[in-house]
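Structural overview
Listed below, chain by chain, are the residues.
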Amino acid sequence: MRIPSVKCLLSPQLVALLGVLLFNWIVFPGFFDVAWRDGRFFGSLVDVINRGAPVAILSIGMTAIIATRGVDLSVGAVMAVAGAVAATCAVTGQPVIIMLLAPLAVGMLCGLWNGFLVSILGIQPFVATLVLMVAGRGVAQLITEGSIVTFNDPVLIFIGTGSFLGLPMPAVIAIALMVGAHLLVRRTAIGLFIEAIGINRSAANYTALRSRSLVLAIYAFGGVCAAIAGTIAAGDIRGADANNTGLWLELDAILAVVIGGTSLMGGRFSIPLSVVGALIIQAMNTGILVSGFPPEFNLIVKAGLIIIILVLQSAKLAPALDRIFKQRPVQPSIQTSEKTG
Amino acid sequence: MNPRYRPLAATTLIFVVAYGLCILQYPGMWSTRILGNFLTDNAFLGIAAVGATFVIISGGIDLSIGAVIGLAGVVVAVLVSHLGLHPIAAFGIVLTMSALFGAAMGAVIHFLQVPPFIVTLAGMFLARGLASILSQDSIPISHPFYKTIMDLYYRLPGGGRLSAIGLLMLLVFLIGGLIAHRTRFGSYVYALGGNPTSAALMGVPTGPVTIGIYALSSLLGGLAGIVYSLYTSAGYPLAAVGIELDSIAAVVIGGTLLTGGYGFVFGTLIGVMLQGLVQTYIVFDGTLSSWWTKIAIGVLLFLFILLQQLVFSAHKAGARLKKAAA
Amino acid sequence: ANLTIGFSQIGSESGWRAAETSVTKAEAEKRGITLKFADAQQKQENQIKAIRGFIAQGVDAILVAPVVATGWENVLTEAKEAKIPVILLDRGIDAPKDLYLTSVASDQVKEGRVAGEWLVKTVGSKPCKVVELQGTVGSTPAINRKKGFEEAIAGQKNISIVRSQTGDFTRAKGKEVMEGFLKAENGGKDICAMYAHNDDMAVGGIQAIKDAGLKPGKDILVVSIDAVPDIFQAMAAGEANATVELTPNMAGPALDALAAFLKDKKQPEKFIITESKLYTPADDPKGEYERRKGLGY
Amino acid sequence: MPTDFRPADPGSVGNRPPETSGADANVVLVAKGIVKTFGNHTALNNVDLALHSGEVHALLGENGAGKSTLIKIITGAYTPDHGEISVDGVLVQFTTPQQAQSAGIGTVYQEVNLLPNMTVIDNLFIGRQPRRYGFVDRKKMAREAHRILSQYGLDIDVHAELSTFSVAVQQIIAIARAVELSGKVLILDEPTASLDRTEVEKLFEIVRRLKARGLAIVFITHFLDQVFELSDRVTVLRNGRLVGSETIGDLDRTSLVRMMLGKDLAFVHAELAADDTEPSSPLMRFRGFGRSGSVNPFDLTVHRGEVIGVAGLLGSGRTEMARLMFGIDTADQGALDIDGQKISLRAPQDAVSQGFGFCPEDRKVDGIFGDLSVRENIIIAMQAKLGWLQALNRDEQMEIAEHFIEALDIRTASADLPVKLLSGGNQQKVILARWLATDPRFLILDEPTRGIDVGAHAEIVRMISRLREDGLALIVISSELDEIVSYSSRVVVMRDRSLVAELRGAEINPSSIVRAIAAQDAEAAE
Ligand SMILES: Nc1ncnc2c1ncn2[C@@H]1O[C@H](COP(=O)(O)OP(=O)(O)OP(=O)(O)O)[C@@H](O)[C@H]1O
Ligand SMILES: Nc1ncnc2c1ncn2[C@@H]1O[C@H](COP(=O)(O)OP(=O)(O)OP(=O)(O)O)[C@@H](O)[C@H]1O
Ligand SMILES: [Mg+2]
Ligand SMILES: [Mg+2]
């Protein structure tokens, strides 16, 4: 991979993440303490990447979808469905391979359904995925009959709570998925085509980009990402909570993507920056948890931080920031349109 | 007929047919009671959805409506029940506050060029947060004025009630329709949704219009909050959670394009009524478990959208795809 | 005669709620009653719509599990005009008493108090820092259960709530919040007890405690409310110390009262309060688990 | 609300405009020392412009010279970095186009900037709709709209959405709107690019009328004939600098071109088309090809190494025929053989895999990917042909892009600039490069020279000939008959969605094409 340029390290997203982490440190001085315990890292910082993983994974799929000028509101519901499927497989004693593949297959099916509505039937993404957002949670509850299906399967529990090289499994999965997805879109032409479709669908048609199959595939990928997140969420609490898994997470995922700099009007996107966006959101949540503010202030704090982040990276202010950074004699603005990372 | 109105006609037709089918299955659904309930029960949703229609036609989105409804209700309740203000004065204060709240969001959207999705999401957090700081519990409002308004209704033959808030909703739709289709501001809203760059070059004052659109949306959110507080005689910080999605769905079912630039206020009324119809149908059925309820709502939503798509895909194919990428 | 009753349920936000729904259905079936079920998806307006719909259909009676206490006067007046008796489940409402037949509910403040009293008794005079996992901000059970617990520990100088955050009544959030608390309170060494507004959050919290290398039930006492099967499993494993029961069978007493009323116009008691029973590991957790497993939790 | 443009510095009223010709009395608008930079690219460097009332002022220059940028600065769409603008001797600072409008400056920006989602009347009147009782008066607007458009010979449903009309109609509406708005100044940025002769004539008539009424008119075009026909004075820009302002009488064609390009230009002559030998090998054959409701069935055989020019009036169905040939619309009748094999075109992919290429006429809507870089815009069709997985790496892309940037003389600061920042003509070249990069054997060009400057125009015409010599088959749709004549080895004429005539050899000359186009009228007259 190319070495990220200084400019991208100074991207407003990373500055914002740093800012939120500093904020957390101010309200809770032990925030950066990391200990090694039972073969894994332990600390608030680790919690941020661990708890941020599901939204990060959702945002990976969501980034590509939004880049095509779409949106997927159903990811939260698909998480619930996938979790329910995984849990059901676990309690009915299915072989591990089925237990792991079944939720992914279901997630892909959900994604294909969304993609079918959007790309073949031409329904607006917002409503097309609203259908599954509503019905999907019903399906999940149908599978679990409204209760929390608890399981003791070591593999699922490992996925949700295990660790690898000292890092929590969810974070490892998220990082692997991020790197994989990023390489997939940037080392092939897929990324370019996604952007082209998002920027000008009509021109994409004139250029013979096979927009339909690509859009279909992207929604399917979004469904798979949601399924992975759902499996992790189930493994985390050792049970499938169809009522609450992924509830309102679609908004967090979209927020992460937008904080990551992808426009809801489609076009240029960056998967790593979306993941940074997800981390910013989680850092905010964790910060609120450890800060000791009364919970009725949670939303206000969150709103305040979002506004600050937005102002930081606002289109109008960005040039001003740029100028400040440019004054330092670091690598004079090698302005590549290549995406970061 | 002007082809522009075809989708609207199709949506209306779908509603009529769907209602007809419901009546065939449950004759009880053909009563003035149900018709009256449609208006009364959906009054606050309808009012909020009018605001959402403007926002969506302009190519934006407003996720803060539900929170504004909740906040407005709580503020009214605090002013009336705790501070002893007359409801009318409280209404005035709340409407002004909501309009300012929306204007502030519009200003951020316009001047800082931040996507409306995010600004209004922050607005949603802010409004909900303020509401739950003001009061965590729901505050009952027992002012006689509230009773008077809720007792104001026209009794239809057959036991139905044409309530004041139901009529207010119709009035808001009427005024909304006039603003959208018969005023300069309305045409600016469409222009902005069509192509903001062109609109600016053609002399549309994009800044004031953007601010106006979000102010209007929040103002109607505040009004919807007042109606909700009348409807439940209380202010509750968690009121109307998720209403923004319902109202957006109503707008879209009503034939408005989320990409902006195309839609009708009247279509939104049909969208709201269709949603009410689905819920009433499910209540009449009464056999669906919680999860089957969700699945049924999803499936019905899908059927409506599909039908609509089939009806006006021909209309869309030619014209819409040509939309310039700004 | 064959009765038709409408039941407006809040939604299906938790296992307990699902159990209440399935117990209600079972109780209705036992009595040969046709139950019209309407799920409001956590929205009061949907409940009001559903009740209006029931009135329009002319059902014989209406059961409501109200999502909030306020805002029922208008619609209940309509029901009264249509001469349809209404029975409240789970909780009372702010409305004139003549608008409903009876209310079958638990005393949520008492639930909190019972939990608090158990803690006071258990820790004695030792200093004890408590962390609290609240329910959804603004929800009635969260407010009341917090209130009751605080009342119970009010006189004890040695017991104090050091941290309190919302876990939204869910297992996942409960776990996440507890993780945060453990970091914030010296890796959990400073925490003596965890009080959760429901069992789901407690189960999540227990997992967080274990992940932090501490022993729930010993290093950190665990007390919560609801008595769902999974907390008995934890109790059997020695990981939970106490839970206060909230019975999902509100419909049984309600339908009994209704039958008596319809038969010979017998006005039932206005408030039927269900018991808030405390369960500890001494109360055969394994057996309780088995007894509850099939109830649809 | 619309009249709040403010004099920036009332003290400077009466500053002398840069032109010292003694015609100060009727100077309407002066722009002085305008500088505008985008990033580190200077689009305008110390440019002056003075407009007199009652004159048509042609603003000329190559693609990317800065003409449109200057217009946008004058009308408040951009703010200049330096320089000042005064109207009627009063310094002004327009911050929005609205203020310029209310100061009596009507503008048609390049690339029809209208609202495709709104009706014709909305587009004509937005911002100044007549009102009755506070509501806009649609009846009055409709009446007015009919009156206004009839001056341009346009009789259309004014309540229909703008997007249902062709680019040409939209262009006329944009002009009509600007004319209505202009009390002092009318600015037309390439208004004739998508108009045919008759419409251009109508426009000129109106412009002359406005001139007589004392308006100052700015006219940007790449058609030099039109410059000589209409304008009184010319100002020429080159690379963002002012080359000079001259009265038209002092110039001839060659000196004008030299001012624009900074060098002489060898004009291409029509001798290329003169060979009447039938190209030997037929490449493909459309038989009874058509689509109901769009294009009537036609027969056409395309040979290797020939250029088929397509002539016809606006709306005669030329574009629709091209779309059909490329599989954008699917033909519902007839068949296509390529090298004797039957091919079905169900989607553009099918066409591309057969080695077709298509430069659409509406580059903004169907052509460019605005936010993508010039490089990506150039390689994207080639990449689409290669598939999703076999990606060109950055260096390969760069090489291809650089090659075409040089070959077609695309003016861009770098290959990584978003293409939307290029001037219109350069965007057109980018799209051409995109298809040339796919190494096609059959290329459809729909109005390829629209909006292209003289130098590039000659270049493209030369290239068409070169491609043809390389054995490519080309179909070129153009409204410029001289141009068609200059490169076509065969000309087909369309009328009313049917292919009505085929001219070859010596028949290929403007007058016989005009005759073929107008045959219907002639028949009717008989
Ligand atoms: N917003 C912008 N950002 C960066 N560069 C720009 C922008 N707008 C224009 N340019 C550059 O400024 C130069 C002048 O462009 P302009 O559109 O004024 O050319 P033009 O003379 O109108 O050309 P054409 O005849 O092709 O329309 C071009 O090189 C273009 O790339
Ligand atoms: N002057 C006009 N008045 C009314 N309708 C028109 C006019 N010009 C074109 N149209 C319509 O626009 C549509 C587009 O036709 P098409 O683009 O295929 O024509 P064309 O020969 O390519 O002309 P152009 O030079 O505009 O590209 C046709 O359906 C035609 O009816
Ligand atoms: Mg230009
Ligand atoms: Mg054409």
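Residues numbered from 1 in each chain as written. Chains lettered and ligands numbered in written order. Predicted model: local features only at pLDDT ≥ 70, side-chain atom pairs only at ≥ 80, totals over all residues. Heavy atoms only, no water.

Re a nonpolar patch on the surface
A surface patch of nonpolar side chains, about 620 Å² in accessible area, is lined by B:Leu171, B:Leu174, B:Ile175, B:Leu178, D:Tyr133 and D:Phe135. Of note, D:Phe135 is situated in strand β8 (residues 135-136). What makes D:Phe135 partly exposed here is its relative accessible area of 32%. (Patch = residues over 30% accessible without salt bridge, like charges linked within 9 Å, V, L, I, M, F, W, Y side chains within 5 Å. Areas by Shrake-Rupley, 256 points an atom, 1.4 Å probe, with all protein chains shown as cover. Salt bridge = Lys/Arg side-chain N within 4 Å of Asp/Glu carboxyl O. Helix = DSSP H or I, 4+ residues; strand = E, 2+ residues; numbered from the N terminus. Buried < 20%, exposed > 50% of the residue type's maximum accessible area, 1.4 Å probe, protein only.)

So, the site of ligand 1
All names here are of chain D. Among the 20 residues in the neighbourhood of ligand 1, the closest are listed as Gly-64, Lys-67, Ser-68, Thr-69 and Leu-421. Contact between ligand 1 and Leu-421: an oxygen atom at 2.6 Å from a main-chain N or O atom of the residue. About the coverage of ligand 1: the protein hides 89% of its 640 Å² of free accessible area. Residue assignment for the shell around ligand 1 shows that the elements contributing at least two residues are β2 (41-52), α1 (67-74) and α14 (424-436). In terms of residue class, the shell around ligand 1 is built from 6 nonpolar, 11 polar and 3 charged. (Near = heavy atom within 4 Å. Polar contact = N/O pair within 3.5 Å; in protein donor to acceptor, adjacent residues only side chain to side chain. Nonpolar A, V, L, I, M, F, W, Y, C, P; charged D, E, K, R; others polar.)

Observations regarding the coordination of the magnesium ion (ligand 3)
Residues and elements named next belong to chain D. For the magnesium ion (ligand 3), the protein coordination sphere consists of Ser-68 (OG) and Gln-110 (OE1), at 1.9 to 2.0 Å. In this pair, Ser-68 sits in helix α1 while Gln-110 sits in the loop between β6 (105-108) and α3 (120-125), placing the two residues 42 residues apart along the sequence. Residue Gln-110 is classed as buried on the basis of its relative accessible area, which comes to 14%. (Donors = N, O, S within 2.8 Å, 3.2 Å for Na, K, Ca; no water.)

Digging into the coordination of the magnesium ion (ligand 4)
Tetrahedral coordination by four donors sets the ideal angle at the metal to 109.5 degrees; octahedral coordination by six donors sets it to 90 or 180 degrees. Residue and element names in this part refer to chain D. Looking at the magnesium ion (ligand 4), the protein donor atoms are Thr-319 (OG1), Glu-361 (OE) and Glu-361 (OE), and they sit 1.8 to 2.8 Å from it. Taken as a pair, Thr-319 in helix α9 (residues 318-325) and Glu-361 in the loop between β18 (356-359) and α11 (363-367) lie far apart in primary sequence, 42 residues in all. For Thr-319, a relative accessible area of 22% puts it in the partly exposed group.

A few points about the state of the cysteines
Residues and elements named next belong to chain C. Inspection of the entire model under this criterion finds 1 disulfide over all chains. Note on cysteine connectivity: Cys-128 is disulfide-linked to Cys-192, with sulfurs 1.8 Å apart. Handedness of the Cys-128-Cys-192 disulfide follows from its S-S torsion of about -80 degrees: it is left-handed. One end of the pair, Cys-128, is in strand β6 (residues 128-134); the other, Cys-192, is in the loop between α6 (171-184) and β8 (193-196), with 64 residues separating them in the sequence. (Disulfide = S-S within 2.5 Å.)

Here's the deal with the site of ligand 2
Residues and elements named next belong to chain D. Near ligand 2 you find 13 residues, and of these Gly-315, Arg-318, Thr-319, Glu-361 and Arg-497 are the closest. Within the backbone of Leu-313, a nitrogen or oxygen atom sits 3.5 Å from an oxygen atom of ligand 2. Here an oxygen atom of ligand 2 sits 3.1 Å away from a polar atom, N or O, in the main chain of Glu-320. Taking 620 Å² as the accessible area of ligand 2 by itself, protein coverage stands at 76%. Class assignment for the residues of the shell around ligand 2 results in 3 nonpolar, 5 polar and 5 charged.

Describing the environment of C:Phe271
Position of C:Phe271 relative to the elements: it lies in strand β11 (residues 271-273). In this structure C:Phe271 touches C:Lys97, C:Tyr100, C:Thr102 and C:Ser103, once residues within four positions along its chain are discounted. (Contact = heavy atoms within 4.5 Å.)

Observations regarding the UniProt feature "transmembrane region" (unreviewed entry) in chain B
Residue and element names in this part refer to chain B. According to UniProt, the "transmembrane region" (unreviewed entry) feature falls on residues 6-26, 38-57, 63-81, 88-111, 117-139, 160-180, 211-231 and 291-312. Measuring from the first to the last C-alpha atom of residues 160-180 gives 31 Å, for a span that is 81% helix and 14% strand. Along residues 211-231 one finds 100% helix and 0% strand; the C-alpha atoms at either end are 30 Å apart. (UniProt positions renumbered as here; feature names shortened; annotations may be inferred.)

Concerning the pattern of salt bridges
On inspection of all chains with the given rule, the structure shows 59 salt bridges over all chains. Between C:Arg145 and C:Glu111 there is a salt bridge, with its nearest N and O atoms 2.8 Å apart. Residue C:Arg145 is located in helix α5 (residues 140-153), and its partner C:Glu111 is located in helix α4 (residues 108-123); the two are separated by 34 residues in the primary sequence. C:Arg145 gets classed as buried once you look at its relative accessible area, which sits at 3%. As a salt-bridge pair, D:Asp339 and D:Arg304 come within 3.0 Å of each other at their nearest N and O atoms. On the criterion of sequence distance, the pair formed by D:Asp339 in the loop between β16 (333-338) and β17 (341-343) and D:Arg304 in the loop between β14 (295-303) and β15 (307-312) is long-range, its members being 35 residues apart.

Points about the confidence of the model for chain A
Residue and element names in this part refer to chain A. Looking at chain A, the pLDDT average stands at 87 and 89% of residues meet or exceed 70. Low pLDDT (under 50) marks residues 1-5, which in the prediction has 7 contacts with non-local residues, meaning those over four places away or in another chain. Note that residues 326-341 has pLDDT below 50 and, in this model, 25 contacts with residues that lie over four places away or in other chains. (pLDDT = per-residue confidence, 0-100.)

Notes on the interface of chain B and chain A
Facing the 47 residues of chain B at the interface are 43 residues of chain A. For the pair chain B and chain A, the summed buried surface comes to about 3900 Å²; carbon and sulfur atoms form 82% of the total. Counting across the chain B and chain A interface gives 0 salt bridges. At the junction of chain B with chain A, the criterion picks out 4 residue pairs in polar contact (both at pLDDT 80 or more). Of all elements in the fold, only α5 (87-111), α6 (116-134), α12 (243-253) and α14 (290-319) of chain B reach the threshold of two or more residues within the side of chain B that touches chain A. Here the side of chain B that touches chain A is composed, by residue class, of 33 nonpolar, 11 polar and 3 charged. (Buried area = accessible area lost by both parts, 1.4 Å probe.)

What to know about the interface of chain D and chain A
A common measure of how large an interface is: the accessible area buried when the components associate. At the interface, 33 residues of chain D touch 25 residues of chain A. Between chain D and chain A, roughly 2500 Å² of surface is buried when both sides are summed, and carbon and sulfur atoms account for 65% of that area. Considering only the side of chain D, the residues that lose the most area to chain A are D:Gln349, D:Phe369 and D:Trp388, jointly responsible for 30% of the buried surface there. Remark: the boundary between chain D and chain A carries 1 salt bridge. Residue A:Arg268 pairs with D:Glu376 through a salt bridge whose shortest N-O separation is 2.6 Å. Viewed at the interface, chain A and chain D are joined by 7 residue pairs in polar contact (both at pLDDT 80 or more). Listed by contribution, the elements that provide at least two residues to the side of chain D that touches chain A are α10 (348-353), α11, α12 (374-386) and α14 of chain D. Top contributing element to the side of chain D that touches chain A by residue count: α12(D), with 7 residues.

Some points on the nonpolar core
If you look at the biggest cluster of nonpolar residues, it comprises 389 residues, and the most contacted ones within it are D:Ile173 and D:Ile378. Sort the elements by how many residues they give to this core and helix α4 (residues 65-82) of chain B lands first, with 13 residues. Viewed by domain, this core spans two of them, domain 2 (267-355 + 440-526) and domain 3 (363-439) of chain D, each represented by three or more residues. Ignoring anything within four residues of it in the chain, the contact list for D:Ile378 reads D:Ile400, D:Ala401, D:Phe404, D:Ile405, D:Ile410, D:Val430, D:Ala433, D:Arg434 and D:Ala437. (Core = buried A, V, L, I, M, F, W, Y, C linked by side-chain atoms within 4.5 Å. Domains from an automatic or database assignment.)

Focus: helix α2 (residues 32-41) of chain B
In terms of burial, α2(B) is a largely internal element, 7 of the 10 residues being buried. All of the buried residues in α2(B) are B:Ile34, B:Gly36, B:Asn37, B:Phe38, B:Leu39, B:Thr40 and B:Asp41.

Things to note about the pairing of strand β1 (residues 27-38) of chain D
All names here are of chain D. The buried fraction of β1 amounts to 9 of the 12 residues, a majority that puts the element mostly inside the structure. Of the pairings in the sheet, the one linking β1 to β2 comprises 8 bridges and is antiparallel in character. Each residue of the ladder has a partner; that of Thr-37, found in β2, is Thr-42. Turn length for the β1-β2 hairpin, with the two strands adjacent in sequence and antiparallel, is 2 residues, and the turn residue Gly-39 shows positive phi of about 60 degrees. (Pairing = 2+ DSSP bridges.)

Comments concerning the confidence of the model for chain B
All names here are of chain B. Overall, the predicted model of chain B reaches an average pLDDT of 90, with 94% of residues at or above 70. The spread of mean pLDDT over the elements of chain B runs between α14, the lowest at 77, and helix α3 (residues 43-57), the highest at 97. Scored below 50 in pLDDT, residues 317-326 shows 21 contacts in the model against residues more than four places distant or in partner chains. Predicted complex, confidence summary: ipTM 0.87, pTM 0.89.

Thoughts on the sheet that holds strand β5 (residues 90-92) of chain D
Residue and element names in this part refer to chain D. Sheet architecture is open: 4 strands sit in the order β2-β1-β4-β5, paired in antiparallel fashion. The sheet terminates laterally at β2 and β5, the two strands that pair on one side only. Geometrically, the sheet is characterised by an average inter-axis angle of 25 degrees between neighbouring strands, direction not taken into account. (Axes fitted to C-alpha atoms, helices over the stretch in contact; angles between N-to-C directions.)

Description of the sheet that holds strand β9 (residues 221-226) of chain C
The strands making up a sheet are joined through hydrogen bonds of the backbone, oriented either antiparallel or parallel. All names here are of chain C. The sheet built from 6 strands is open, its strands ordered β7-β6-β8-β9-β10-β12 with mixed pairing. Every other strand in the sheet has two partners, leaving β7 (159-166) and β12 (278-279) as the edge strands with one partner each. Alignment of β8 against β9, held across 4 bridges, turns out to be parallel. Bridge pairing in β9 places Met-194 opposite Val-222. Of the strands in this sheet, β6, β7, β8 and β9 are in contact with α5, which crosses β7 at around 170 degrees.

Quick word on helix α1 (residues 6-25) of chain B
Residue and element names in this part refer to chain B. Here α1 spans 29 Å end to end across 20 residues, near enough to the 28 Å set by a 1.5 Å rise per residue. Taken as a whole, α1 has its buried residues at Pro-7, Leu-8, Ala-10, Thr-11, Ile-14, Phe-15, Ala-18, Tyr-19 and Cys-22. Here the buried residues of α1 occupy an arc of 165 degrees about the axis, which is enough to place them on one side. Every exposed residue of α1 that faces more than 90 degrees away from the buried side is listed here: Leu-13 and Leu-24. (Expected span 1.5 Å × (residues − 1). Arc of directions from axis to C-beta.)

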